[in-house]
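What follows is each chain in one-letter form.
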Amino acid sequence: MSTQKLTPGLAGIPAAESSISFIDGQEGILAYRGHKIEVLAENSTFEETTYLLWNAALPNQAELDAFKKELTACYALPEELLTALRALPKGGHPMAALQAMVAMLGMVSPKCDLKDSAARHQTSLRVLGAMPILIAAFERVRAGKEIIAPDPELSVAGNFLWCLNGEKPDAIEERIMDCALVLHAEHTMNASTFSCRVVASTETDAYTAVSGAVGTLYGPLHGGANERVLHQLETIGGVDNVKSWLDAQVAKKSKVMGIGHSVYKTKDPRAYALQNLARELFDARGTTDLYATALELEKHAAEVFGARGVWPNVDFFSGIVYEKLGIPTDVFTPIFALARTAGWLAHWREQMGDNKLFRPGQIYTGAHDATWVPIEER
Ligand SMILES: CC(C)(COP(=O)(O)OP(=O)(O)OC[C@H]1O[C@@H](n2cnc3c(N)ncnc32)[C@H](O)[C@@H]1OP(=O)(O)O)[C@@H](O)C(=O)NCCC(=O)NCCS
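Source: prediction; values computed, not measured. The written sequence of each chain sets the order in which its residues are numbered from 1. Given that the model is predicted, a residue must reach a pLDDT of at least 70 before its local features are reported, and side-chain atom pairs must reach 80 or more before they are shown or counted; all residues, however, enter totals for whole chains, interfaces and linings. Processing note: side-chain calculations cover all non-hydrogen atoms of the structure and skip hydrogens and water entirely.

Student: Which parts of the structure should I look at to understand the nonpolar core?
Tutor: Generally speaking, soluble globular proteins have nonpolar side chains that are buried together. Grouping buried Ala, Val, Leu, Ile, Met, Phe, Trp, Tyr and Cys residues that are joined through side-chain atoms within 4.5 Å yields what is termed a nonpolar core. Each residue's exposure class comes from its accessible area (1.4 Å probe, protein chains only) as a fraction of the maximum for that residue type: buried when under 20%, exposed when over 50%, partly exposed otherwise. Formed by 114 residues in total, the largest nonpolar core has its most connected members in Phe-160, Met-177, Ile-327 and Trp-348. Here a helix means four or more residues in a row that DSSP labels H or I, a strand means two or more in a row labelled E, and each is numbered from the N terminus. In terms of residue count, helix α6 (residues 117–142) provides more of this core than any other element does, 13 residues in total. Boundaries between domains were set according to an automatic or database domain assignment. Looking at which domains feed residues into this core, each of domain 1 (18–220 + 328–353) and domain 2 (225–324) gives three or more. For this analysis, residues touch if any pair of their heavy atoms sits within 4.5 Å. In this structure, Phe-160 is in contact with Pro-132, Ile-135, Ala-136, Met-177, Ile-327, Val-331, Ile-335 and Leu-338, ignoring residues within four places of it in sequence.

Student: Can you walk me through the site of the ligand in this structure?
Tutor: Around the ligand there are 16 residues in total, and Val-256, Gly-258, Ile-259, Lys-265 and Asn-313 lie nearest to it. For the purposes of these results, a polar contact is taken to be a pair of N or O atoms within 3.5 Å, where, inside protein, one atom must be able to donate a hydrogen and its partner to accept one; residues adjacent in sequence count only when each atom of the pair is a side-chain atom. Contact between the ligand and Lys-265: an oxygen atom at 2.8 Å from a side-chain N or O atom of the residue. In isolation the ligand has 880 Å² of accessible area, and contact with the protein removes 63% of it. Three classes are used, and their members are as follows: Ala, Val, Leu, Ile, Met, Phe, Trp, Tyr, Cys and Pro are nonpolar, Asp, Glu, Lys and Arg are charged, and the others, Gly among them, are polar. Split by residue class, the shell around the ligand holds six nonpolar, six polar and four charged. What makes a residue near a molecule or strand is one non-hydrogen atom of that residue sitting within 4 Å of it. Only the protein chains shown count as cover for residues, and the accessible areas themselves come from Shrake-Rupley with a 1.4 Å probe.

Student: I keep staring at the side chain of His-347 and nothing clicks. Help me out?
Tutor: Take His-347: it is sitting in helix α16 (residues 332–353). Since its relative accessible area comes to 1%, His-347 is described here as buried. Discounting residues that sit within four places of it in the chain, His-347 has contacts with Ser-18, Ile-20, Glu-186, Thr-188, Met-189, Thr-193 and Arg-197.

Student: I tried to follow helix α3 (residues 61–72) on my own but got confused; where do I start?
Tutor: For an α-helix, 3.6 residues make a turn, and residues three or four places apart therefore share a direction. Multiply 1.5 Å by the residue count of a helix minus one, and that product is the helix's expected span. The end-to-end C-alpha distance of α3 is 16 Å, a good match for the 16 Å that twelve residues give at a rise of 1.5 Å each. Buried residues of α3: Leu-64, Phe-67, Leu-71 and Thr-72, and no others. In a view along the axis of α3, the buried residues occupy a sector of 130 degrees, so they form one face of it. Opposite the buried face of α3, at more than 90 degrees from it, the exposed residues are Ala-62 and Lys-69. Summarising the contacts, the buried residues of α3 are in contact with α2 (46–55), α6 and α7 (156–165). The directions considered for the arc run from the helix axis to the C-beta atoms.

Student: Even after reading the chapter, I still don't get the sheet that holds strand β2 (residues 29–32), so can you show me in this structure?
Tutor: Hydrogen bonding along the main chain pairs the strands of a sheet, whether they run parallel or antiparallel. The three strands are arranged β1-β2-β3 in an open sheet whose pairing can be described as antiparallel. A single partner strand is all that each edge strand has here, and the edge strands are β1 (21–24) and β3 (35–36). For two strands to be treated as a pair, DSSP must find at least two bridges joining them.

Student: Just checking my understanding: could you explain the domain arrangement of the protein for this structure?
Tutor: Quoted interface sizes are often the accessible area lost when the parts come together. If you check the domain split of the protein, you get domain 1 (18–220 + 328–353) and domain 2 (225–324). One C-alpha centre belongs to domain 1, the other to domain 2, and the line joining them spans 26 Å. Contacts between domain 1 and domain 2 engage 29 residues on the former and 26 residues on the latter. Note on definitions: buried area is the accessible-area loss of two parts on being combined, 1.4 Å probe, summed for both. Buried surface at the junction of domain 1 and domain 2, summed over both partners, amounts to about 2,300 Å²; 67% is from carbon and sulfur atoms. When the area that domain 1 buries against domain 2 is broken down by residue, the three leading residues are Ile-176, Leu-183 and Phe-332, summing to 26%. Any Lys or Arg side-chain nitrogen located within 4 Å of an Asp or Glu carboxyl oxygen qualifies as a salt bridge. Connecting domain 1 to domain 2 are two salt bridges. With its nearest N and O atoms 3.2 Å apart, the salt bridge here joins Glu-173 to Arg-285. At the junction of domain 1 and domain 2, the tally comes to six residue pairs in polar contact (both at pLDDT 80 or more). Listed by contribution, the elements that provide at least two residues to the side of domain 1 that touches domain 2 are β1, β2, α1 (37–43), α8 (171–184) and α16. The element that contributes the greatest number of residues to the side of domain 1 that touches domain 2 is α8, accounting for eight residues.

Okay, structure coming up:
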């Protein structure tokens, strides 16, 4: 009988030493490389934030310009990859398509010498540069539309919207998408980041590690919550129904999507930034029933759950913002994946810098000394 105790889900058990990001769940702090998320959301772009995550320092203007040029050069995808994308089953979820396409990107990419930091950097650019185009291209193909070639003049956020809609985004749309990417870029040792590091530790390539992370993010307990927040707001069916709907959820002990967090016991700092973006967007474009319902739900949920340390998380407002930008609901989680690729690759680089194969233990609960019985006697 083992005397070891299991911590289900490895909750709170350190899986690595990392200098990439930091969370204080009691105080509601999230920082990338020491920079608080609200400061980055206000002042930084996704490209600058990615540079920070990968290099542990903010770039100067020349460094940022050079980085953007390198990333832009990776937007264009090989034709054989686009041919494969066109052949994917159209009824599948875009996250499944993304996972397959990132793995396939590895099949058409040069082999990376993992010991060479320049090669690791080039591979990181190739993975990140492809993400917005792959997501947008699958959406267009399944809608029976032509794939749109990326525009090297546009940012990652701008290109995603351009390749998705075939229209150049205006300043507010691009800024909001860019800020959402900054907010979702990194979040310490969550399930998908852990899975990325586990795959990386076998010394496979970044395409396989990020593809594994995309698969891990897909689940409703991780990246899938933003889709479900939107369905929930639609189900509530209007501001006047919020209180009775919430009371019924509490009576049934059902989870309310978009609130609560396993680490934050106060309002998720990213939710403040997204709420500001939502306000800016709805002030500029006019409010909707969904937005009004969300505001009402936030108010009542604070009364019911606030004292238990259960507050809105990042997903509470992200779905409403994406919906207002005209993005299909099942593309919300791929946007999360696009953003988080910056963080996953920072972890891939860190893991490769000082690699040790993951090989956890287990607590065996099965039989010992079982007796073999020939099949005809069972
Ligand atoms: C993320 C989540 C799994 C964390 O759950 P957790 O670790 O149990 O959170 P806590 O320990 O702070 O929960 C404290 C209490 O509030 C309850 N609670 C937490 N989140 C809740 C929610 N969204 N709706 C209703 N009750 C909730 C818990 O069940 C627990 O109740 P108990 O004390 O009676 O057992 C949970 O909040 C959740 O499922 N949220 C909805 C899904 C979501 O938005 N996910 C995205 C996260 S970024």
